[in-house]
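Spelled out, the chains give:
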Amino acid sequence: MQLTIEEMFFFKRQGYLIKRGAMDPELMARARQQIWDKALLSMQHDDPATWVGPVKEEEVVEDPLLLAKGYRWHNYAMGRQKWVIEMLATNPNVFGMAEQLLGKGEVVIPDMIRGIYCTLPYDDHSINTNDCHTDGHTLQLGIVGYIDDVPPNSGGFRVWPGSHRPLYYAFESQYMNEPSSTYKETLERVRQEESIDCHGAAGDVVFWHHRLGHMAGHNYSSRIRQAALYDFCSKELGDWWNKKRVPTPIMLEPPNADMWKDWSPELQALEV
C-alpha cells in the first residue's frame, strides 16, 4: 500500500489524509478484546448501556498506564506491547507511507506508541464544545488508526482542513510548544472555519500534520470509539517520543519560509 501523488498533494494542501484498510484485522480484533482487561468495574463487555460516560467519580483513574476520566478511557500500557506497535506504527503499510511523507530511511523506528484511546458514548448528554487545538508535545506526523468502525458522529478524529499552514507560523519554533503573540487570534479564526469528521472503518488510518487544528470528536453513538495513536518523527528531529526529552537543534529553529523543508523530497516537490 502506497500513497499516490494525488494523496500526497491532498495531505500537503489540507494537512491530513485518510488511508482506508491499512491495518491487520487479526491484530485489531486482539486489541479490541484486550482493552477489556482494564475495564472499569461498572463496564460490562456485553452490555452497551454500561459504556456510557462520564466515568463515575469513584472509578476515575489517572496514572501513566491508564486514564479513565470524563468520557476518556485511554490504555497507555498497551502501547508498549510489540504486537500493538506492529498493528499500527511498524505496520509495513503505515510505516511505508510515513516514509513517503518524511523520507525513505529518515523515519525513527518506534518502540512504543501512545496506546489505545477510547471515547465513551455521550448518550443523551449534550456536549458541543469546540476544542480545536494543536498538540503541545513534539511530533512531526501524527497518525490515528481506528481499530473498530467509527461511523459519523461517533467520536472520530475531527480536523480543520488547511489550518496547519497558518498555525505553523503562529509558533516561535518549528516543533516546540511555544505559541507566538498571534497564536490565540489565529486559533480562534481557525475555530470559526468548517471542520471535518474523519469517520471510517476498522483499519482506516488518519495521517495529520503536527500543526493541524484538531480535536477528538464528540461521540453521540452507542459505540465506544476505539483508536490507536502514534507520532512519527524524522531522525533529524530526534526520537523525542521514545527517548530522553532533550531538544535537538531543529526543534528550536523558528518557522521556516518553506514549512516542508524537513519532509520528503517527493512531498517538497509538489506545488501547492
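The structure contained in this document is the topic of the report that follows. (Residues numbered from 1 in each chain as written. Predicted model: local features only at pLDDT ≥ 70, side-chain atom pairs only at ≥ 80, totals over all residues. Heavy atoms only, no water.)

### Quick word on the overall build of the protein
To be explicit about the condition: Every helix listed is a DSSP run of H or I at least four residues long, and every strand listed is a run of E at least two residues long, numbered separately from the N terminus. With the radius of gyration taken over C-alpha atoms, the globule rule is written as 2.2 Å times the number of residues to the power 0.38. Note on classification: 1.4 Å probe, protein chains only; a residue is buried when its accessible area is under 20% of the maximum for its type, exposed when over 50%, partly exposed between these limits.
Within the protein one finds 8 helices and 11 strands. Against the globule reference of 19 Å for 272 residues, the protein gives a C-alpha radius of gyration of 18 Å, in line with a compact fold. Considering only C-alpha atoms, the protein reaches an extent of 55 × 40 × 35 Å along its principal axes. Counting over 272 residues, the protein shows a buried share of 55%.

### Details of the nonpolar core
Heads up, the condition is: Only buried Ala, Val, Leu, Ile, Met, Phe, Trp, Tyr and Cys residues count toward a nonpolar core, and they belong to the same one when joined by side-chain atoms within 4.5 Å.
Of all hydrophobic cores here, the largest spans 51 residues; its most connected members are W73, M87 and F232. It is helix α4 (residues 92–102) that provides the largest number of residues to this core, a total of 6 residues. Y76, Y146, V150 and A227 belong to the second-largest nonpolar core, a separate cluster that totals 17 residues.

### Observations concerning α4
In plain terms, the rule: The contact criterion used is simple: two residues touch if any of their non-hydrogen atoms lie within 4.5 Å. Pairing of N or O atoms within 3.5 Å defines a polar contact, subject to two protein rules: one partner must be a possible hydrogen donor and the other a possible acceptor, and residues neighboring in sequence count only if both atoms are side-chain atoms.
Counting buried positions along α4 gives 8 out of 11 residues, so the element sits mostly inside the fold. Every buried residue of α4 is listed here: V94, F95, M97, A98, E99, Q100, L101 and L102. The secondary structure elements touched by the buried residues of α4 are α1 (5–14), β1 (16–19), β6 (141–146), β9 (205–209), β11 (225–232) and α8 (265–269). The N-capping residue of α4, defined by a side-chain oxygen 2.7 Å from the backbone nitrogen of N93, is N91. Among the residues trailing α4, G103 stands out with phi positive, at a value near 120°.

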